[in-house]
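# Geometric and topological summary
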Amino acid sequence: MGFLDALLGRSKPVKPDLDQLFGLPSAAITLQAAIGFTPTGAGSVCFASIEGGAFAQVQQDVRALLDADSERSGRPVEFSRDDYGYSWLLSRRDPDSLPALVNDLHAVNTALQDSGFGPQLLCSLVAFHDAELRSLALVYLYKRGTFYPFAPQPGEKRDNALELQVKTIVKDDLRIEQDLTRWFPLWGAPGL
């Protein structure tokens with residue numbers, strides 16, 4: 001970072017650290033013990049839409065990689081596009097297999113990053129629910145290297161009190177995004 005950048009208040013962007021995803025199993029244990037939220041077995045990766053042969057090859061590689069897992073049943077990954085034009089990859093696992101789901105998300109992110117599509121990566125999420133079937137996601141912001149909780153409610157509303165409670169609960173397990181304006185709603189995210 002140069003003198004002019006420092007003078008104008010510009011900062012160097014945080015380098016993505018995909019290994020932060022491996023903190024999710026520990027955070028899941030903390031969440032379950034503190035407020036009864038458990039993993040649903042669903043996790044997603046969101047990225048800006050990409051067209052062309054190179055990305056089609058990455059999709060095939062990801063599908064082949066996740067298909068190779070003999071412990072997996074069903075479709076390894078589902079590709080979809082949301083109403084905002086973003087692409088999603090959804091992976092499903094047994095709810096008790098959160099470490100395997102995290103490995104899936106890490107593999108998908110790494111495959112996209114290593115294939116030159118890192119700038120298109122936006123976020124990854126892992127879904128949770130409680131006994132009342134309230135939804136919660138822990139969202140990893142690729143470009144910030146941080147997590148935030150997202151608690152959607154019916155009618156595109158958020159449970160802000162729950163989000164702030166979860167922030168406090170998992171702060172020792174995950175690097176939490178401190179700028180609340182970056183806690184974007186992910187309405188209709190696959191798996192949530």
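Let us look at the structure shown here. (Residues numbered from 1 in each chain as written. Predicted model: local features only at pLDDT ≥ 70, side-chain atom pairs only at ≥ 80, totals over all residues. Heavy atoms only, no water.)

### Quick look at the pattern of salt bridges
- Inspection of every chain in the model, using the stated rule, returns 8 salt bridges.
- One salt bridge in this structure joins R134 and D130, with 2.7 Å as the shortest N-O distance.
- The exposure class assigned to D130 is buried, which follows from its relative accessible area of 6%.
- We note a salt bridge from D159 to R134, for which the minimum N-O separation is 4.0 Å. Linking D159 in the loop between β8 (157-158) and α5 (160-170) with R134 in the loop between β4 (121-129) and β5 (135-141), this pair joins segments that are 25 residues apart in sequence.
- In the salt-bridge network here, residues are joined through shared partners; they are D130, E132, R134 and D159. (Salt bridge = Lys/Arg side-chain N within 4 Å of Asp/Glu carboxyl O. Buried < 20%, exposed > 50% of the residue type's maximum accessible area, 1.4 Å probe, protein only. Helix = DSSP H or I, 4+ residues; strand = E, 2+ residues; numbered from the N terminus.)

### Comments concerning the packing of aromatic side chains
- One pass over the structure, following the stated rule, counts 3 aromatic pairs.
- Where Y140 meets F147, the ring centres are 5.1 Å apart and the plane angle is 55°; that geometry is what we call tilted.
- Taking relative accessible area as the criterion, Y140 reaches 1% and is therefore assigned buried.
- Pairing Y148 with W183 gives two aromatic rings, centres 6.0 Å apart and planes at 20°, and the pair type is stacked. Of the two residues, Y148 sits in strand β6 (residues 146-150) while W183 sits in the segment after α5, which places them 35 residues apart along the sequence.
- Judged by relative accessible area, which is 1%, Y148 ranks as buried. (Phe/Tyr/Trp six-rings, centres within 6.5 Å; stacked < 30°, edge-to-face > 60°.)

### Looking at the nonpolar core
- Membership of the largest hydrophobic core comes to 50 residues, with the highest contact counts inside it found for L31, L112 and L186.
- Sorting elements by how many residues they give to this core places helix α4 (residues 98-117) first, with 7 residues.
- Apart from the residues within four sequence positions on either side, L186 is in contact with W88, C123, L125, V139, Y148, F150 and L192. (Core = buried A, V, L, I, M, F, W, Y, C linked by side-chain atoms within 4.5 Å. Contact = heavy atoms within 4.5 Å.)

### A closer look at the sheet that holds strand β3 (residues 86-92)
- The antiparallel open sheet is built from 6 strands, whose spatial order is β2-β3-β1-β4-β5-β6. Edge positions in the sheet fall to β2 (78-81) and β6, since each has one partner strand and no second. Looking at each pair of strands side by side, their axes are set apart by 25° on average, direction ignored.
- Running at roughly 5° to strand β1 (residues 38-48), α4 makes contact with β1, β3 and β4 of the sheet. (Pairing = 2+ DSSP bridges. Axes fitted to C-alpha atoms, helices over the stretch in contact; angles between N-to-C directions.)

Everything listed is a geometric property; what it means functionally is a separate question.
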